[in-house]
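So you can see what is in the structure, the chains are spelled out below.
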Amino acid sequence: MAALGWLTPRRRSATARSVLAGEASAEAARKSSQEAQETPQAVEEEPEFPVFGDDRAAAFFDLDNTVMQGAALFHFGRGLYKRKFFETRDLARFAWQQAWFRLAGVEDPEHMQDARDSALSIVKGHRVAELQTIGEEIYDEYMADRIWPGTRALAQAHLDAGQKVWLVTAAPVEIAQVIARRLGLTGALGTVAESVDGVYTGKLVGEPLHGPAKAEAVRALAMAEGLDLSRCAAYSDSHNDIPMLSLVGHPYAINPDAKLRRHAREKDWRLRDYRTGRKAAKVGIPAAAGVGAVAGGTAAAIALSRRRR
């Protein structure tokens, strides 16, 4: 009995502690369950984007390496070479610039300036209408298969929501307009080459639409269109476009260079990368196809350069 008497208080005390522990555990579980139920509700209540029917919102897309793999100016140059607009040594230079652009994933100011200067000298004396017609052909030959499916889907989402979508690029406005029209976009802002009586003079109107100039173009277009920039979105791969991205309420870093990636993370901007499998699972894009296209384009550019040695 002594032994039993010694055990009984322990049993009663353990039972009391068990009750206390059970009640505490149940309370914690109840709170946890409530929190778990509240979290999905908060996500569900988050406004959908893009907002359907918001006619004061629009989307602005950079072109090179954002909408399209590589530089539009390079592909345009390939098409002009095919049509005997310039010599083979110029093609080799275009090829090197494109290879650098693809491998480095960033815009080199000297390369971009050299490419623009080359293009201006090439089109000097030609009619604007002629280049517009050729641009349609070049799109089919070299650009149509280089559109990033993921970025194309983002643009389509804005269109489906009833919003206008604009390309904003340093590429010649003529080729930018061709690409925008072929993709079913609203239009394009691009670098304007001077022409007199429909003939190119070999000079620019102002400066290339690059960096801060893009932001000014978007600001001016938004004012003319009656847009609310805080409700608009912008997409780019380059840190040079931070001024444009900073204008809008919904900035996206697409295939970002290192500087833009760091800036986007600091600012908590959304990122999408279609060059590798890192984001492919989230957006449903076949990563292997994208990687293969980039590698193939790089090899082709280098091969074109070597062919002229």
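See the structure shown above.
Residues numbered from 1 in each chain as written. Predicted model: local features only at pLDDT ≥ 70, side-chain atom pairs only at ≥ 80, totals over all residues. Heavy atoms only, no water.

> Explain the packing of aromatic side chains here, please?
The description of an aromatic ring pair rests on the distance of the ring centres and on the angle between the ring planes. In total, this model carries 2 aromatic pairs according to the counting rule given. Aromatic pair F61 and Y235: ring centres 4.1 Å apart, planes at 5°, arrangement stacked. Note that F61 is positioned in strand β1 (residues 58-61) and Y235 in strand β6 (residues 233-236), a separation of 174 residues in sequence. With centroids separated by 4.6 Å and ring planes inclined at 20°, the aromatic side chains of Y235 and Y252 adopt a geometry described as stacked. Taken together, the residues Y235 in strand β6 and Y252 in strand β7 (residues 250-254) connect sequence positions 17 residues apart. (Phe/Tyr/Trp six-rings, centres within 6.5 Å; stacked < 30°, edge-to-face > 60°. Helix = DSSP H or I, 4+ residues; strand = E, 2+ residues; numbered from the N terminus.)

> When you look at the pattern of salt bridges in this model, what are you seeing that I'm missing?
Scanning the model with the defined rule gives 14 salt bridges in all. Across the pair R275 and D273 runs a salt bridge, and its minimum N-O distance is 2.8 Å. Overlapping salt bridges, with partners in common, bring together K82, R83, E137 and E141 in one network. (Salt bridge = Lys/Arg side-chain N within 4 Å of Asp/Glu carboxyl O.)

> Explanation requested: the packing of helix α2 (residues 72-82) against helix α5 (residues 128-143) in the structure shown.
For any two helices packed against each other, the geometry is given by the interaxial angle and the distance between the axes. Remark: α2 packs on α5, axes separated minimally by 9 Å, with the N-to-C direction vectors making an angle of 105°. Classified by the interaxial angle, the pair formed by α2 and α5 is roughly perpendicular. Along the contact surface, α2 presents A72, H75, F76, R78, G79, L80 and K82, while α5 presents L131, I134, G135, I138, E141, Y142 and M143. A breakdown of the residues in the contact of α2 with α5 according to their chemical character gives 8 nonpolar, 3 polar and 3 charged. (Axes fitted to C-alpha atoms, helices over the stretch in contact; angles between N-to-C directions. Parallel < 35°, antiparallel > 145°, perpendicular 65-115°, else oblique. Contact = heavy atoms within 4.5 Å. Nonpolar A, V, L, I, M, F, W, Y, C, P; charged D, E, K, R; others polar.)

> Is there a simple way to explain the nonpolar core in this structure?
Among the nonpolar cores identified, the biggest contains 42 residues, and F61, L63, L80, M143, L167, I179 and Y235 are the most heavily contacted of them. Top element by residues in this core is α5. It accounts for 7 residues. With residues near it in sequence (within four places) discarded, M143 still touches M68, A72, H75, F76, I138, I175 and I179. Among the nonpolar cores identified, the runner-up in size contains 26 residues, and A215, L227, W269 and L271 belong to it. (Core = buried A, V, L, I, M, F, W, Y, C linked by side-chain atoms within 4.5 Å. Buried < 20%, exposed > 50% of the residue type's maximum accessible area, 1.4 Å probe, protein only.)

> Honestly, the sheet that holds β1 in this entry has me stumped. Any pointers?
The strands making up a sheet are joined through hydrogen bonds of the backbone, oriented either antiparallel or parallel. Pairing within the open sheet is parallel, and its 6 strands lie in the order β3-β2-β1-β6-β7-β8. The sheet terminates laterally at β3 (187-191) and β8 (270-272), the two strands that pair on one side only. Going across the sheet, the axis of each strand differs from the next one's by a mean of 20°, ignoring polarity. As paired strands, strand β2 (residues 164-172) and β3 are joined by 4 bridges and run parallel to one another. Counted as the bridge partner of V168 is L189 from β3. Contacts from helix α7 (residues 173-182) reach β2 and β3 within the one sheet, and its direction differs from that of β2 by about 145°. Of the strands in this sheet, β1, β2 and β3 touch helix α8 (residues 212-225), which is tilted by about 145° from β2. (Pairing = 2+ DSSP bridges.)

> When you look at α2 in this model, what are you seeing that I'm missing?
Along an α-helix, a turn takes 3.6 residues, which lines up residues three or four apart on a common side. Within α2, 9 of the 11 residues are buried, which leaves the element mostly enclosed by the surrounding structure. Buried residues of α2: A72, L73, F74, H75, F76, G77, R78, G79 and L80, and no others. At the C-terminal side of α2, K84 shows a positive phi close to 65°.

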